[in-house]
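Architecture at a glance
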Amino acid sequence: MLWQETGIMAAPVSPADQKEILRTLALAQYWIKKGDYNRAIAYVDFEGMAEIVMAGYWDKMSQKEKNDIITFMKNLIREKFPIITQRLKWLQFGAISENGNQVICETLAVFDHTTEKKDQKIQIGLVKRGNEWKGVEVYILKEGFLAGLNEDKVRPILKRGGTIQEALDAVRLVFQER
Amino acid sequence: MRERIASAITDSLYKNPGLIALVIVIIVGLSAWQMSKLTINYNQLELIPQDLPSVLATKRMFKLAGGYGHLFITLRGKDIPHMKRVADDLTAEIKKIPEVRSATCRQDVSFLRDHLAYYVDIDDLNEAFRLMRKKIRAMTREKLGMKSGDTETDEELKKLVEKYRNVNSKFVDDEYNIDPAREMILIVIQANGIPNDLGFSKKLLSDVSSVIEQYNQGNPRGAKLREKNGNGPAPEATITYGMTGEYKIAYDDSTHIRNALEPTSFVAFAGILIYLVILFRRPVQIILLMTTLVMSIVITFGFTRITLGELNTITAILGGILMGFGIDFGIHFLYRFRDEYSHRGDIYESLRQTILHTGLSSLISAVTSAASLFVLVLAAFKGFSHFGLIAGAGTLIIAIMMNTFLPAAILLLTRTWPNFSKSLLVNYKKIDDADHLNKPYPFASRILAASLILTIGLAYFATRIEFDYDSRTSVTGNTQALMLQDEIEKRFGRKGLPSVVYTDTLEETKKLYDELSNKDKYSYVQQVVSIFSLAPPMEQQLKTRRILDQIQERLVEIPADLMAGENRELFDIVKKSLATQPFTLKDVPEDLLKQFRPVPESGEKGYFTLIIPKGSVTDSKLTVEFTKQVGTITMGGKNYYATGHMILMANLAMIVIRDGKIFPAIVAGLILIILLISYRDPRALVFAIAPLLGGMVWMLGLMYLLNWKINYVNIVVFPVVLGYGISVGIFIFNRYLECHSVMFALRHTGAAVAGSCITTVIGWASLFFSGHKGLTSMGSVAVFGISAALLVALTVMPSLMQYTEDKKILIPKCKA
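Note that the structure is a prediction, hence the values are computed from the model and not measured.

1. Observations regarding the overall build of chain A
The secondary structure content of chain A amounts to 6 helices and 6 strands. If you list the helices and strands of chain A from N to C, you get β-α-α-α-α-β-β-β-β-β-α-α. For chain A, the proportion of its 178 residues judged to be buried stands at 32%.

Below, the structure is given as structure tokens:
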């Protein structure tokens, strides 16, 4: 279960892991700034993201369904990453702590001040896959972005008997620009 | 024996008509003197047994709270600051009225507003937290340039906020009693009297109206007030005002009834007079009949003054009912006397025969009807018991007067005015010719079979008839005040009128609060408002605090510019409320606490607990169930009694329903016994009660088919219908016993029976013009019942007599 509330039961992370995490985040940021999103998303854990979005139903899904959703997430993020990050100027990484299955990195998102008035404190959630740390969630105002999609979109649809496809369509709709 | 009695009465009347008339006139004079002192007690509370715990508790509550019930003044307008200033001005003036104990249009709600979060259910608070988080997520997505796709959170949050805008019936975001739509301000008036005291209510309403009128004539605000009349604001008014509440509703209903009765009395009197002119065609005879009737009513009310001392809201209309019922004895007497005199030409023998036969029928009919009415004296509800006593006595008095004063007056007139004797002669040639043919009643067996099938069918429906518990649909109708009361309930989220329980100590109050908070046990209770609901239990407050801490932690992080417009306002209120800490009763301002305490003059130091029911007071089924749950609350071996308008109404409903079940059975038994004693032949019973049984069954069956129900008002008509059912049967049946010719009995009695019924039906039908639901339902039931009894008496009963005569079965003894 990757989805967790934040700010509770925070535990220290080893210096080695902290170093590795910061390296991962710095590299991801580097490729974003370069505009090479394909390399940037190499530091994203799509399986973890799919699990968060489908929380509550993930364990009941077949491997094929899981794979389909992982692919969906991959395509979606690949497609939308430039839009999501277009106003972002810089990420300033801070303290790192462990919270459940995730490691949380306190981050200040510095925006292009011609479009945004204020910078925003966020948290980036990471998980370790093999030897690599990968980003799995972004917390804004302590609300997990993907967990929010699960709670606001996916769960209500599946709860009323809707299909996984309907739920994914609703998720896709959120990513459309206003 | 009967012959001897009839001869003795006739002899007395024949020898001393002047003396008898004089004695009666003196009795009438004395009765008129007594009647002049008769008053109407409009206090409906006194109709309920005074030793009922709820009545005793209500009386105590009157002392403790200085009264009960409210008068509401509603002010509607578009300029809110203007409305508020006018509300303040009017409240200050209304407070000066002697009958007014308190008047308020606002209250300091800052404490409630600041501590709002502690009055919210834990579940609702968690829900609010969930919605808040959802809202944050939606706003974040929007901030990121995505579609939030969220349209419901705002609505759900709004609903939750609305739910808690009202804490213990106080709105927390405005100190004025203003509705959420910001369209109506309420001035709440508590008075020093009770709403059921209609005299007091009248004075209060008149004084408040005068204050508004004077203010309207000249005020510093330039306000133009117009009374609400129909929907929407009054033209040319800055403020449209209205009045409602228990005082207004109770007074309006009684006034409505009185006003409704005035035109109907005229219609009834005119209708009866026209019919009598058609029936008798002799003005002097009609005047004689009406004079005797009026004198009988005077004696009845004189009797009422001596025995009961006063009339009540129900017996006040008895004069009309008695006139309609009582004139029948006169119609029968005069009809038979003219019949006898036209055939015999001998005043003495005609009188003797009339007294012997019609007098006997009148006596049986009057005694049976009176006995069935007297049984009602045992009813707990004074509306019934007084009705029973007066109507029973009135029936006997009228029957006696029609067989004493009326013949005495006829004798005096025949002796002093020869033309009067001539006016008594009627051409009976056609009837006599028909009598000589001695034809049987036609189609007897067919009518009997058809009516039997019809009666069985209607009997099935009659058993399914229901009692209408909703007094508004069945009795009062939708008056302006009731509609305004509905509007207040809708606008301010108040449902029903609260009932109140008084406890002597704080410990008892706490126990009561905990007891009534058991929602499974008290399912008809919507809300309990106690001094303890102002300071929720500390355990609950601490739980609340923990959730508030979580919310607060989130809110701290939310940038101010994320919230805009209404959200920003709500955000500020919530933030302030979140900062408050748990509190105890000692922290609650005295101004809020005093509403739960007795008035200082009472010398008592206990506490009131308000119980708000789930529905309106007009839904009596709900009030009954609510009263069963909270009427008597037993805790630790001690009984606590709830009081209030709703409880009293429910007690009234329960008494009416209980009496309504018991008394028809007793009356039916009594009628059978009296008829058995009168005829000393069980076979005679079958015939004599046929119109009664048939009439009742047809009436109830047709009522069911027309979707009519029994209600509090039309139930009063049942004894009247019962009386007619007996009366019509007895007059026709007794005539039949004289000669054993069905057609003869019908020809000589049918017109009088029909005449007496039609005059009564006209009287009751006039209630259709009243425009009052209760009176209309009374009229409908009476018209249906009496018409059904008449129809049975003129068709089914003769068919039965003819059939049994032909088949030589069940033939009763001849008394000719």
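Past the structure itself, the notes keep going.
2. Notes on the sheet that holds strand β13 (residues 632-635) of chain B
All names here are of chain B. Strand order across the open sheet formed by 5 strands is β11-β12-β10-β14-β13, with antiparallel pairing between neighbours. Two strands lie at the open edges of the sheet, namely β11 (525-529) and β13, each paired on one side alone. Within this sheet the neighbouring strands show an average axis-to-axis angle of 25 degrees, counted without direction. Taken together, the 4 bridges between β13 and strand β14 (residues 638-643) define a ladder with antiparallel strand orientation. Its bridge partner being in β14, T634 is matched across the sheet by N639. Helix α3 (residues 53-65) contacts β10 (499-503), β13 and β14 of the sheet and is inclined by roughly 70 degrees relative to β14. Contacts from helix α19 (residues 506-516) reach β10, β11, β12 (607-613), β13 and β14, with the element oriented near 15 degrees to β12.

3. So, the sheet that holds strand β7 (residues 225-227) of chain B
Residues and elements named next belong to chain B. Read from one edge to the other, the open sheet built from 5 strands follows the order β3-β6-β2-β8-β7, with strand pairing classed as mixed. Of all strands in the sheet, those bounded by a partner on one side alone are β3 (100-104) and β7. Between one strand axis and the next, the sheet turns by 25 degrees as a mean value, whatever way the strands run. Relative to strand β8 (residues 239-244), β7 is paired through 3 bridges, and the arrangement is parallel. Across the sheet, R226 pairs through a bridge with T240, a residue of β8. Its contacts with the sheet place helix α18 (residues 480-492) against β2 (71-76), β6 (184-191) and β8, and it is angled at close to 105 degrees to β8.

4. Section: the interface of chain B and chain A
The partner chain A presents 17 residues to the 18 residues of chain B that form the contact. Secondary-structure elements contributing two or more residues to the side of chain B that touches chain A are α6 (122-143) and α21 (538-557) of chain B. Examining the composition of the side of chain B that touches chain A, we find that 7 residues originate from one element, α6 of chain B, more than from any other. Of the residues belonging to the side of chain B that touches chain A, the class tally is 5 nonpolar, 3 polar and 10 charged.

5. A word on helix α25 (residues 645-679) of chain B
Taking 1.5 Å per residue as the helical rise, α25 of chain B with its 35 residues ought to reach 51 Å, and the 49 Å between its terminal C-alpha atoms agrees with that figure. In the segment just after α25 of chain B, R680 of chain B is the residue with positive phi, at about 50 degrees.

6. Observations regarding the pairing of β12 of chain B
Residues and elements named next belong to chain B. Most of β12 sits inside the fold, with 6 of its 7 residues counted as buried. Note: β10 against β12, 5 bridges, orientation antiparallel. Its bridge partner lying in β12, V501 is registered against T609. Of the pairings in the sheet, the one linking β11 to β12 comprises 4 bridges and is antiparallel in character. Among the inter-strand pairings, V525 is bridged to a residue of β12, identified as P613.

7. A closer look at the nonpolar core
Judged by nonpolar contacts, the single largest core of 210 residues is most densely connected at V721, I732 and A789 of chain B. There are two domains that each give this core at least three residues, and those are domain 1 (1-37 + 282-408) and domain 2 (53-249 + 479-489 + 531-604) of chain B. Leaving out residues up to four positions away in the same chain, A789 of chain B has contacts with P691, L692, G695, V721, Y724, G725 and V728 of chain B. Of all hydrophobic cores here, the second largest spans 41 residues; its members include I96, V103 and V136 of chain A together with M146 of chain B.

8. Comments concerning helix α11 (residues 318-344) of chain B
All names here are of chain B. With 27 residues, α11 should cover 39 Å at 1.5 Å per step; its first-to-last C-alpha distance of 39 Å lies within 8% of that length. Along α11, the sharpest change in direction is near 25 degrees and occurs at G324. In terms of burial, α11 is largely enclosed, as 22 of its 27 residues are buried. Within two residues after α11, G345 carries a phi angle of roughly 70 degrees, on the positive side.

9. Digging into the environment of F111 of chain B
Checked against the element boundaries, F111 of chain B lands in helix α5 (residues 110-114). Once you skip the residues sitting within four places of it in the chain, F111 of chain B turns out to touch V588, P589 and L592 of chain B.

10. Here we look at the packing of helix α2 (residues 17-36) of chain B against helix α13 (residues 382-416) of chain B
All names here are of chain B. The contact between α2 and α13 brings their axes to 9 Å, and the two run at 135 degrees. With respect to α13, the axis of α2 lies oblique. α13 is crossed by α2, and the crossing has left-handed handedness. On α13, the residues touching P17, G18, I20, A21 and I24 of α2 are T404, F405, A408, A409, L411 and L412.

11. A look at the confidence of the model for chain B
Overall, the prediction assigns chain B a mean pLDDT of 82, with 91% of residues at 70 or greater. Per the prediction output, this complex has pTM 0.64; the corresponding ipTM is 0.86.

12. Some details on the confidence of the model for chain A
All names here are of chain A. Mean pLDDT for chain A: 84, with 91% of residues reaching 70 or above. Element-level pLDDT for chain A is lowest in strand β1 (residues 11-12), with a mean of 70, against a maximum mean of 92 in helix α3 (residues 46-53). Segment residues 1-9: pLDDT under 50, and 25 contacts once partners within four positions in sequence are set aside and those in other chains are kept.

13. Some details on the environment of V211 of chain B
All names here are of chain B. Relative to the helices and strands, V211 is located in helix α8 (residues 198-217). Using a count of 20 C-beta atoms within 10 Å as the deciding quantity, one classes V211 as buried. Sequence separation between V211 and L90 is 121 residues; the distance between their C-alpha atoms is 7.5 Å. In this view, V211 contacts L90, E93, I94 and I97; residues no more than four positions away in its chain are not counted.

14. Considerations on unusual backbone geometry
We note that L141 of chain A has phi near 50 degrees; this positive angle belongs to a residue other than glycine. Tracing the backbone through its elements, the reader meets L141 of chain A in the loop between β5 (132-140) and β6 (143-144). Phi at R182 of chain B is positive, roughly 55 degrees, even though this residue is not glycine. With respect to the helices, strands and loops of the structure, R182 of chain B is situated in the loop between β5 (170-171) and β6. Of the residues examined, R182 of chain B has 12 C-beta atoms within 10 Å and is grouped as exposed.

What counts and what doesn't
Residues numbered from 1 in each chain as written. Chains lettered and ligands numbered in written order. Predicted model: local features only at pLDDT ≥ 70, side-chain atom pairs only at ≥ 80, totals over all residues. Helix = DSSP H or I, 4+ residues; strand = E, 2+ residues; numbered from the N terminus. Buried ≥ 20, exposed ≤ 12 C-beta atoms within 10 Å, placed from the backbone. Pairing = 2+ DSSP bridges. Axes fitted to C-alpha atoms, helices over the stretch in contact; angles between N-to-C directions. Contact = placed C-beta atoms within 7 Å. Nonpolar A, V, L, I, M, F, W, Y, C, P; charged D, E, K, R; others polar. Expected span 1.5 Å × (residues − 1). Core = buried A, V, L, I, M, F, W, Y, C linked by C-beta atoms within 7 Å. Domains from an automatic or database assignment. Bend = angle between axes of the 7 residues up to and from the residue. Parallel < 35°, antiparallel > 145°, perpendicular 65-115°, else oblique. Left-handed = near helix turned anticlockwise from the far one by under 90°. pLDDT = per-residue confidence, 0-100.

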